[in-house]
Amino acid sequence: MLLGVGVCGYAAPAPDAKSEAVEKSRKDRVPMPAGWSPEDQVKAEEEAKKAYPFVKDVLMEDLPLRQQRLREMGLGLKDVKHSYMLLDSPYVDTYERKYGPVRFMHAKHAAALDGDCAACHHFRPADEKSPEAVACRACHQDNRQENGKERIGLKAAYHMQCMNCHEKMKKGPVSCEGCHDKRPVDHKELVKLPENPTPQQVTRECLRCHEQAGEDMLTTAHWLWRGPSPYTVEHRKSVMSGKGTTTLNNFCLSAISNEKRCTSCHAGYGWKDDTFDFSNQENMDCLVCHDTTGSYKKAPPAAGMPDPKVDMVYVAKNVGPTSRKTCGVCHFSGGGGDAVKHADMSAQLYWPDRNCDVHMGGYDFQCVECHKTRNHKISGRSTSVPVAEGSRACEDCHTSKPHYGDSLLDHHLNKHCETVACNTCHSPIYSKCAATKTWWDWSTAGDKQREVHKDKYGKPDYNWMKGDFRWKEASQPVYEWFNGFMERRLLGDLIEPEAKGFRPGEHPTPAQKAAMTVTDITRPVGSFGDPRSKITPFKIMAGIQPADAEYRYLLVPHLFPYGKDDVSAFWKGTDWQSAFKEGMAKAGLPYSGKYMWVATNMYWRIEHEVMPKEHALSCAQCHDSLKGEKTCDRCHQDARDGRFRELTEKGADFELLRMMGRDVGDLIGKTDYIDFKKLGYKGDPILYGGRFTRLPLGQRPEKR
């Protein structure tokens, strides 16, 4: 089922916005499946609502003495029962409901305080049998509690404890929005629109109250499709990079001259060519991001215009915060269909299983909870496009030492975080349940008579408009050193000097194509000797695309026709020469009239589909040296109480995934998951040492 609008497919001509009235639909296109439940969040919600008997008497123990006593008792990180909590007690919500509950990472805070429970849990009940670290709600409830009028209420207790500590430590948020989400405002009575309004009339109604939001939106990447590229080497001061200008890829190649089709995902109306007015706020599509009904839909080839079946008044009266639904409509279906472009984003993330993505499936995270937004500028960046309005990383929430326990394993895992990106272990496979495109050969496009076959995932191997495809589901990433910066070939940049390509009329075999010199459109920057670089997982998108045979830069083809009389578009006239001539004229670069087909790669970093800790890669799945008799006792010759075998062998269960129908048979039993030699090591770092350390501490390889 195609849930998004797609980006570069082809469909029937766009319906005219002024055509006769059509029956409106309020159907939620992505309803929550029956039985779907984010189990971690549900448990947290139940715990947050749990009632505690009011504690009348507390021991007014002097804080230093209490801290000393708890330390002597050995209370610490191991005693944290709930690593994640939701601060959502009914006591807090008694009088106002302006803000939503707070997600509280209990284990993270405990670790930040070195397991000093007394830093927050300051008193305990008088009852000797009561727990040492009693819940806040037991003593702080309603501030009008008859038996405890001297005690502040729970809301004040939370705020004093959290904000005072954040201010004192100069860490953590202190503003309302820093911790809370604002509850949405009911727009049913606020929105005043005529029957069957135009999209621009809806926007004007939005701007009537949200004037500043309109001003803010004018400068954002989601509106301009261009912006600063601070993480692209040699282009770090560029403010004109973006998919609407100089960015190329090896999916649909370029939006230039194809705007009417590509901009079906634009947060605006009518970007059909290079005359689009980016200063006109009335063309902003507020509903595509703020619809809460699930019924809003753009007409795929209509330059961002809404589908005539959308009940605009109904949607406008039900706007609210963005969600996985609104973000996913475009971002899950980039490249022309579900899961095509991004290795780790698909329709599966609308309602994911916990094991697919623990944030979204376990805790019901919405996209914006990680990708924090300020003035409509959204933090986070993709390796596929250069524009960045703020960076976002796992460490922003989880810190650089995200394994919060105090065990030997936690110590080693935290040391790994200096060298290994979080998703290396926590996303051991990408495209878990929906195959993603990994190969696109444009050189074979144009054969309308060719028979199309389906692969083992049910995906087509060919499309006359686009050429040959290959797909892969549940795939092992490629690992590279990455320090956060990317190399990019933008419009007009030269291809690899050694690339010879092949000319029209030549038909190399698949093996000959595989042996061609590859031009990287994007490539991560990093190295073995760079202390900022980490081993990072990527999907590599490979393919064959056109380049100018004389000027030696990648070509922009005109694919989607401007109108019914436009035969220069390849998808209308199947003539590459006409398509390149028109596309490069729109791109503002000369075309020699001679083209060739060259091999290209793009590196797409794996960012999502984060698996919970019990399904992350284990030590033994990467370190081949741990599969024998010796495990951690290779260095820790004093075994103490550590059950080393258990510590090293728990991890991603590929046998279970195979039984669930996933294509991971080749990964079962693998103990060299990461090719250390390819990354620059002499071999397994346990035996040969890390980048900046000399090992082994135990037995040397030659003595084994």
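Residues numbered from 1 in each chain as written. Predicted model: local features only at pLDDT ≥ 70, side-chain atom pairs only at ≥ 80, totals over all residues. Heavy atoms only, no water.

(A) Up close: the overall build of the chain. Looking only at helices and strands, the chain has 25 helices and 15 strands in total. Taking 2.2 N^0.38 as the reference for a compact globule, 704 residues should give roughly 27 Å; the C-alpha atoms of the chain span a radius of gyration of 28 Å, in line with that estimate. Over its C-alpha atoms, taken along the principal directions, the chain stretches across nearly 85 × 80 × 45 Å. The buried share of the chain, reckoned over its 704 residues, is 47%. Partitioning the contacts of the chain with sequence separation of at least 6, the portion at a separation of at least 24 is 73%. On the chain, roughly 35300 Å² of surface is accessible, and the fraction owed to carbon and sulfur atoms is 53%. Between the mean site of the 101 positive side-chain charges and the mean site of the 96 negative ones, the chain shows a separation of 1 Å. (Helix = DSSP H or I, 4+ residues; strand = E, 2+ residues; numbered from the N terminus. Rg over C-alpha atoms; globule rule 2.2 N^0.38 Å. Buried < 20%, exposed > 50% of the residue type's maximum accessible area, 1.4 Å probe, protein only. Contact = heavy atoms within 4.5 Å. Areas by Shrake-Rupley, 256 points an atom, 1.4 Å probe, with all protein chains shown as cover. Lys, Arg positive; Asp, Glu negative; His and termini not counted. Charge placed at Lys NZ, Arg CZ, Asp CG, Glu CD.)

(B) Structural detail: the confidence of the model for the chain. Confidence along the chain averages 91 in pLDDT terms, with 93% of residues attaining 70 or more. This stretch, residues 1-7, has a pLDDT under 50; its non-local contacts, to residues over four places away or in other chains, come to 29 contacts. Contacts for the low-pLDDT stretch residues 9-17, under 50 throughout, to residues beyond four places or in other chains number 16 contacts. (pLDDT = per-residue confidence, 0-100.)

(C) Highlighting the packing of aromatic side chains. Using the criterion set out here, one finds 33 aromatic pairs in the structure. Ring centres of Phe-654 and Tyr-673 lie 5.9 Å apart, and the angle between their planes is 5 degrees; this geometry places the pair in the stacked category. Remark: Tyr-673 occurs in the loop between helix H24 (654-659) and helix H25 (685-688) and Phe-654 occurs in helix H24; sequence separation between them is 19 residues. You'll find Phe-654 and Tyr-673 in the same group, each marked buried. In this structure an aromatic cluster arises from ring pairing among Phe-251, Trp-440, Trp-442, Phe-469, Trp-471, Phe-570, Trp-576, Phe-580, Tyr-591, Tyr-595, Trp-597 and Trp-604. A cation over an aromatic ring shows up here: Arg-381 above the ring of Tyr-231, its NZ or CZ 3.5 Å from the ring centre. One residue, Lys-459, lies across the ring of Trp-471, its end atom 4.9 Å from the ring centre. (Phe/Tyr/Trp six-rings, centres within 6.5 Å; stacked < 30°, edge-to-face > 60°. Lys NZ or Arg CZ within 6 Å of the ring centre and 35° of its normal.)

(D) The arrangement of the side chain of Glu-369 in detail. Along the chain, the position of Glu-369 falls in helix H15 (residues 367-370). For Glu-369, a relative accessible area of 14% corresponds to the buried category.

(E) Molecular detail of the nonpolar core. Among the nonpolar cores identified, the biggest contains 46 residues, and Trp-442, Trp-576 and Trp-597 are the most heavily contacted of them. For this core, the elements supplying multiple residues, two or more each, are strand S7 (436-441), strand S9 (467-472), strand S14 (534-548), helix H20 (570-573), helix H21 (576-587) and strand S15 (595-605). For this core, the leading source of residues is S15, giving seven residues. What Trp-576 contacts, discounting residues up to four positions off in sequence, is Trp-442, Ala-445, Pro-557, Leu-559, Phe-570, Tyr-595 and Trp-597. Judged by nonpolar contacts, the second largest core, of 27 residues, contains Leu-218, Met-284, Tyr-296 and Met-312. (Core = buried A, V, L, I, M, F, W, Y, C linked by side-chain atoms within 4.5 Å.)

(F) Layout of the pattern of salt bridges. The full count for this structure, using the stated rule, is 37 salt bridges. The partner of Arg-66 in a salt bridge is Glu-61, and the shortest N-O contact between them spans 3.9 Å. Given a relative accessible area of 0%, Arg-66 falls into the buried group. With a shortest N-O distance of 3.7 Å, Lys-415 and Glu-418 are connected by a salt bridge. The exposure class of Glu-418 is partly exposed, given its relative accessible area of 45%. Each of Glu-61, Arg-66, Arg-69, Arg-124 and Glu-132 takes part in a single network of salt bridges with overlapping partners. (Salt bridge = Lys/Arg side-chain N within 4 Å of Asp/Glu carboxyl O.)

(G) Expanded view of helix H13 (residues 324-331). Most of H13 is tucked away, with six of its eight residues classed as buried. Along H13, the residues that are buried comprise Arg-324, Lys-325, Thr-326, Gly-328, Val-329 and Cys-330. At its buried positions, H13 is contacted by helix H11 (287-290), helix H14 (358-362) and H15. The N-terminus of H13 is capped by Ser-323, whose side-chain oxygen sits 3.2 Å from the backbone nitrogen of Lys-325. (Polar contact = N/O pair within 3.5 Å; in protein donor to acceptor, adjacent residues only side chain to side chain.)

(H) The arrangement of the side chain of His-623 in detail. Here His-623 is to be found in the loop between helix H22 (619-622) and helix H23 (644-649). Within the structure, His-623 has its side chain in polar contact with the side chain of Asp-684 (distance 2.8 Å).

(I) Layout of unusual backbone geometry. Phi is positive for Ala-303, close to 55 degrees, though the residue is something other than glycine. Under the relative-accessibility criterion, Ala-303 is labelled buried at 3%.

(J) Quick peek at the pairing of S9. Pairing of S7 with S9 involves five bridges; the strand directions are antiparallel. When the sheet's bridge partners are listed, Trp-439 is paired in S9 with Arg-470. Looking at chain direction, strand S8 (residues 462-463) and S9 are connected through two bridges and run antiparallel. Directly across from Asn-463, in S9, lies its bridge partner Gly-467. Between S8 and the antiparallel strand that follows it, S9, lie three residues. (Pairing = 2+ DSSP bridges.)

(K) A look at helix H1 (residues 39-49). When H1 is considered as a whole, its buried residues turn out to be Asp-40, Gln-41, Ala-44 and Ala-48. Take H1 and look down its axis: the buried residues cluster within an arc of 95 degrees, on one side only. For H1, the exposed residues lying more than 90 degrees away from the buried face are Lys-43 and Glu-46. Packed against the buried residues of H1 are strand S2 (84-87), strand S3 (102-105), helix H4 (136-139) and H14. (Arc of directions from axis to C-beta.)

(L) Molecular detail of the pairing of S14. Most of S14 is tucked away: 13 of the 15 residues are buried. With five bridges joining them, strand S10 (residues 478-482) and S14 adopt antiparallel strand pairing. Bridge pairing links Phe-482 to Lys-534 in S14. Here S14 runs beside S15; their pairing, made up of 11 bridges, is antiparallel. Each residue of the ladder has a partner; that of Gly-543, found in S15, is Thr-600.

(M) Broad picture of the environment of Cys-394. In this structure, Cys-394 sits in helix H16 (residues 394-398). We classify Cys-394 as partly exposed; its relative accessible area is 31%. Between the alpha carbons of Cys-394 and Ala-616 there is a distance of 15 Å; along the sequence they are 222 residues apart. Apart from residues no more than four positions distant in its own chain, Cys-394 is found in contact with Thr-399 and Cys-422.

(N) Geometry of the state of the cysteines. Scanning the model with the defined rule gives zero disulfides in all. Not engaged in a disulfide, the cysteine Cys-209 finds its nearest cysteine sulfur in Cys-206; these two sulfurs lie 9.0 Å apart. (Disulfide = S-S within 2.5 Å.)

(O) A look at the environment of Gly-100. For Gly-100, the location among the structural elements is in the loop between S2 and S3. Overall, the relative accessible area of 11% leaves Gly-100 in the buried class. Spatially, the C-alpha atom of Gly-100 lies 7.9 Å from that of Asp-88, the residues being 12 residues apart in sequence.

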